[in-house]
Amino acid sequence: MVNDEREPLLQANGVESESDESIDEVEPKKNDALPENWSLAYRRGLVMLLAFMAFTVTFTCISVVPVASEMIADLNHGEGSRSASVLLVTIWELGEAAGPLLIAPLSEIYGRYPVLNAANVLFIIGIVVSALSQSVNVLVFSRFLTGCAVATNVLNPAIIGDMFPPEHRGTAMSATMLAPLLGGAVGPAIAGTLAQNVGWRWIMYMSLILAVIAEILIITLLRETYKVVILQKQSRQRKSDAEDLSLVRTLSRTEVAVWTSMTRPASVFWSSSILKALALYGSVAFTFFYIMSTTLPDILQRQYKFPPALIGTSFMSFSVGSASGLVVCNLLVDRIYVRLQKSEAYSSGPENRLPLTIVGAFCLPIAVATYGWVAALVLPAPLLLVAVAMMGFCLVLSVTGLMVFVVDAFGEYSASALTAMLITRCLMGTFLPLLTTPLTEAIGYGWGFMVLAAVCLLLAPIPLLVFWYGKGWRQSSDYTKDE
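Here we summarise the structure given alongside this text. Note that the coordinates shown come from a computational prediction; the quantities given were computed from them, not determined experimentally.

**Here we look at the side chain of Arg-353**
Thinking step 1. Its location among the elements puts Arg-353 in the loop between helix H14 (316-342) and helix H15 (355-376).
Thinking step 2. On the basis of relative accessible area, Arg-353 is assigned to the buried category, the value being 2%.
Thinking step 3. For Arg-353, the side chain forms a polar contact with the side chain of Asp-334, separated by 2.8 Å.
Thinking step 4. Setting aside residues up to four positions removed in sequence, Arg-353 forms contacts with Pro-166, Glu-167, Arg-169, Gly-170, Val-333, Asp-334, Tyr-337, Gly-401, Val-404, Phe-405 and Asp-408.

As structure tokens, then:
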């Protein structure tokens, strides 16, 4: 049985807290420790700090893409392997599927601040191992380890949800999504040049420098944002002042509670039909970023004879398209949401975050098919890069509103809900690109990407159905039903 939807953690059956007492909630008229009472300038600064860490993560992840084949050949005595090169890129996503199982629930027990910093330290260790790798197996494992330590995907939306009211979350979310896209553009461009001139290990060294700078800033400037943990700490400090205290729910810190919180993403996922549907769509849509990342270098090298440095620079077209999509989202997501919330023609609710997602969902298959046929027919390279930019634009439209919807719909359970979505996305991002290579080798780039576009088109109506019928569907889950 699920407790009240506003309770931050599921109770462990039959387990009392360490003090066998409930933790009292401090609710003064204005509590300066709560993030909603921080100055707007400080909160915006924290958004930029989170964006910088997200940039560093994406830079580290994507920078190996244009030189993956060279890295494998260097560590494998000059013998290259196409499947190993793809795995080197996609194994990161498998790590990102495993890490959030601990990162998200622990952030709901101990707070965002300590968990984010611990994950960042592990992230730095993974980069060091990558830079010092002497074999393919160690390099692949280090990439998996680094992926496990990525906390920004789960905690950035949750922290933004802690700091901003619903009508302002879309703009903040767009800012944190723009930074990874810049990392995705700058990373391959720099990586191609570094690998061509001083070797691929310098790519890891640059990632290490960025990660260390980001962690120093986070550990010194960030404060705890999770309200439950803040109030719990204050209640312990102010137990003697009964006039300022009111009853708050028990927050168990036993091993059983930790296990319960670790399994919560699965509980949230299986209890919500909307989350399952959107996770399926979102995972397939986002996978096209990795499909593009693993196929574009091969297309440019084989079909267009591009050198490594130019291949890396070509990834900027995806970031240009993505950045354009984020500009559109930044301008329209919150405005559309506010207007629909006030409209008598539409019921109020998080479903009003989805109009741009619907547009992106139906445009993405067109971009995917265009990309495949331009490559198959070896049309001018600028057309191929335009198709890549179209994919980036449509992908951002599809994903941004979807993520904000999950934050709004699941409230204090948003970290667990986002974790469930990320796990499905990462699993899809790990294995679907591995199927793309034999598919395109069997029937060519044109028809191969037509098959992928058809799959994308079949899933495109999901956001539309959630927009129209989501309010009723949400009532079937204790995590999302209206109070």
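Read on, since the account is not over.
**A few points about the side chain of Ser-133**
Thinking step 1. On the secondary structure map, Ser-133 appears in the loop between helix H5 (112-132) and helix H6 (136-148).
Thinking step 2. There is a polar contact of 2.8 Å between the side chain of Ser-133 and the backbone oxygen of Val-129.
Thinking step 3. Leave out the neighbours within four places in its chain, and Ser-133 touches Leu-75, Val-138, Leu-139, Ser-142 and Arg-201.

**What to know about the pattern of salt bridges**
Thinking step 1. The final tally for this structure, using the stated rule, is eight salt bridges.
Thinking step 2. As a salt-bridge pair, Arg-425 and Glu-93 come within 3.8 Å of each other at their nearest N and O atoms. Of this pair, Arg-425 sits in helix H17 (residues 414-459) while Glu-93 sits in helix H3 (residues 82-98), placing them 332 residues apart in sequence.
Thinking step 3. Residue classification places Glu-93 among the buried positions, given a relative accessible area of 1%.
Thinking step 4. With a closest N to O distance of 2.5 Å, Glu-351 and Arg-474 form a salt bridge. One end of the pair, Glu-351, is in the loop between H14 and H15; the other, Arg-474, is in helix H18 (residues 461-474), with 123 residues separating them in the sequence.
Thinking step 5. On the accessibility criterion, Arg-474 (3% relative accessible area) is buried.
Thinking step 6. Via salt bridges that share partners, Glu-93, Glu-96 and Arg-425 belong to a single interconnected network.

**Quick notes on empty space enclosed by the protein**
Thinking step 1. Scanning the entire structure with this criterion turns up two cavities of 30 Å³ or more.
Thinking step 2. By volume, the largest cavity amounts to about 680 Å³.
Thinking step 3. Lining the largest cavity are 35 residues, with Asn-153, Met-177, Pro-180, Phe-286 and Arg-425 sitting closest to its centre.
Thinking step 4. Among the secondary structure elements, those contributing two or more residues to the lining of the largest cavity are helix H1 (40-62), H3, helix H7 (152-163), helix H8 (166-197), helix H12 (273-302), H14, helix H16 (381-410) and H17.
Thinking step 5. If you tally residues by element for the lining of the largest cavity, the top one is H8, at six residues.
Thinking step 6. When its residues are assigned to classes, the lining of the largest cavity shows 22 nonpolar, 10 polar and three charged.

**What about unusual backbone geometry?**
Excluding glycine, most residues fall at negative phi; most peptide bonds, likewise, are trans.
Thinking step 1. Unusually for a residue other than glycine, Lys-305 sits at a positive phi of about 60°.
Thinking step 2. Inspection of the secondary structure assignment puts Lys-305 in the loop between H12 and helix H13 (308-314).
Thinking step 3. Phi at Val-378 takes a positive value of approximately 50°, unusual for a residue other than glycine.
Thinking step 4. On the secondary structure map, Val-378 appears in the loop between H15 and H16.
Thinking step 5. With relative accessibility at 41%, the residue Val-378 sits in the partly exposed group.

Calculation notes
- Residues numbered from 1 in each chain as written.
- Predicted model: local features only at pLDDT ≥ 70, side-chain atom pairs only at ≥ 80, totals over all residues.
- Heavy atoms only, no water.
- Helix = DSSP H or I, 4+ residues; strand = E, 2+ residues; numbered from the N terminus.
- Buried < 20%, exposed > 50% of the residue type's maximum accessible area, 1.4 Å probe, protein only.
- Polar contact = N/O pair within 3.5 Å; in protein donor to acceptor, adjacent residues only side chain to side chain.
- Contact = heavy atoms within 4.5 Å.
- Salt bridge = Lys/Arg side-chain N within 4 Å of Asp/Glu carboxyl O.
- 1 Å grid on protein atoms, 1.4 Å probe; cavity = no way out; pocket = protein on both sides within 12 Å on 5 of 7 lines; lining within 4 Å.
- Points joined across faces, edges and corners; volume = space filled by probe spheres on them.
- Nonpolar A, V, L, I, M, F, W, Y, C, P; charged D, E, K, R; others polar.

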